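Descriptive analysis of the structure
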Amino acid sequence: MNKADLIAEVAAKSGATNAETERVLNGFRDVVAHNVSMGEDVSYPGLGKFSRVSRGERTARNPRTGESVVVPPSNAPKFTASSKLKAIVNGG
């Protein structure tokens, strides 16, 4: 499912227009991205939790040359599915 398909399906289920639905979904994305980038968790009951995890510095290896490379510390987004979403995916 691509973005256009998602917008059309949500619009059909909610009774909104595609343009309204796209604005809402883009707003949701922007709010989640902003809050997670600030280190705040965002929970949506029935869907899951968006959070930020910190990755420490590590040593990796270049597969072509075998040379060791230091990878600097970074942050990454994380999504944890709710138990309700897991049950739906597993046919429950």
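Relevant structure appears above.
Residues numbered from 1 in each chain as written. Predicted model: local features only at pLDDT ≥ 70, side-chain atom pairs only at ≥ 80, totals over all residues. Heavy atoms only, no water.

Looking now at the overall build of the chain. Broken down by element type, the chain carries three helices and five strands. When its helices and strands are written in sequence order, the chain yields α-α-β-β-β-β-β-α. Principal-axis analysis of the C-alpha atoms places the extent of the chain at approximately 55 × 30 × 30 Å. Relative to its 92 residues, the chain shows a buried fraction of 13%. Look at the contacts in the chain between residues 6 or more apart in sequence, and 27% of them connect residues 24 or more apart. (Helix = DSSP H or I, 4+ residues; strand = E, 2+ residues; numbered from the N terminus. Buried < 20%, exposed > 50% of the residue type's maximum accessible area, 1.4 Å probe, protein only. Contact = heavy atoms within 4.5 Å.)

Time to look at the sheet that holds strand S5 (residues 74-81). On the basis of which strands lie adjacent, the open sheet formed by three strands has the order S1-S2-S5 and antiparallel pairing. Edge positions in the sheet fall to strand S1 (42-44) and S5, since each of these pairs with one other strand and no more. Averaged over all neighbouring strand pairs, the angle between strand axes comes to 25 degrees, with direction disregarded. For S1 and strand S2 (residues 48-55), the ladder comprises three bridges, and the chain directions are antiparallel. Within S2, the position partnered with Val42 by the bridge is Phe50. Of the strands in this sheet, S1 and S2 touch helix H2 (residues 18-37), which is tilted by about 35 degrees from S2. (Pairing = 2+ DSSP bridges. Axes fitted to C-alpha atoms, helices over the stretch in contact; angles between N-to-C directions.)

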